[in-house]
Amino acid sequence: MVKLDPIAEFREDHRKVRDGLLELMEALQSKNVVKARKILDGINVLVGPHFRYEEETLYPALRVLLGEYVDQLLKEHDGVIATARSCAGLLKKDGLTDEEAKQAAAAARTLLIHVSNCDGLSILSERLSKKEIDNLSEKLAAARKAGVPLLDWAETIRGK
Ligand SMILES: [Fe+2]
């Protein structure tokens, strides 16, 4: 099997999530709940393995460079998960009020900011050793293979 490039794949995930979130914001602004729900489902599936990989492998590897900032990254994930959960809850309804649509679009924007911040980790990952990068590659592939969506992972394996 060809080894995946963990940094390139990591950034490619961010591009996909960025585009998904922009689409989600558009769907929310036009109060198209069915479309918004579909987009959020897709993001949930895509970012589950990504978050898992970050928390189980990438963040611990970056601790040597980032120190305690890693704890802040983990806390940021708590916030992202809570936001995704409340967004998914809102989108279970058949329609949204103006206020709810606004609230959900604002939530999507905070997720977009997280994507932008997270992508900055790529530049640091490049400084890890070949052995560590090989490990990142293996673990990202494994997280993808397991394919646990974000909210399922948060509820079960992550446990918060
Ligand atoms: Fe990320």
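Residues numbered from 1 in each chain as written. Predicted model: local features only at pLDDT ≥ 70, side-chain atom pairs only at ≥ 80, totals over all residues.

(A) Representation of helix α4 (residues 98–119) in the model. If you check α4, its first and last C-alpha atoms are 32 Å apart, about what 22 residues at 1.5 Å a residue would give, namely 32 Å. When we look at burial in α4, the residues that qualify are Ala101, Ala104, Ala107, Ala108, Leu111, His114 and Cys118. Seen along its axis, α4 keeps its buried residues to an arc of 130°; they face one direction. Facing away from the buried side of α4 by more than 90 degrees, the exposed set consists of Asp98, Glu99, Ala106, Ile113, Ser116 and Asn117. (Helix = DSSP H or I, 4+ residues; strand = E, 2+ residues; numbered from the N terminus. Expected span 1.5 Å × (residues − 1). Buried ≥ 20, exposed ≤ 12 C-beta atoms within 10 Å, placed from the backbone. Arc of directions from axis to C-beta.)

(B) Geometry of helix α7 (residues 150–158). Every buried residue belonging to α7 is among Leu150, Trp153 and Ala154, and all of these are buried. Here the buried residues of α7 occupy an arc of 100° about the axis, which is enough to place them on one side. As for α7, its buried residues are in contact with α2 (33–66) and α3 (69–90). In the segment just after α7, Gly159 is the residue with positive phi, at about 75°. (Contact = placed C-beta atoms within 7 Å.)

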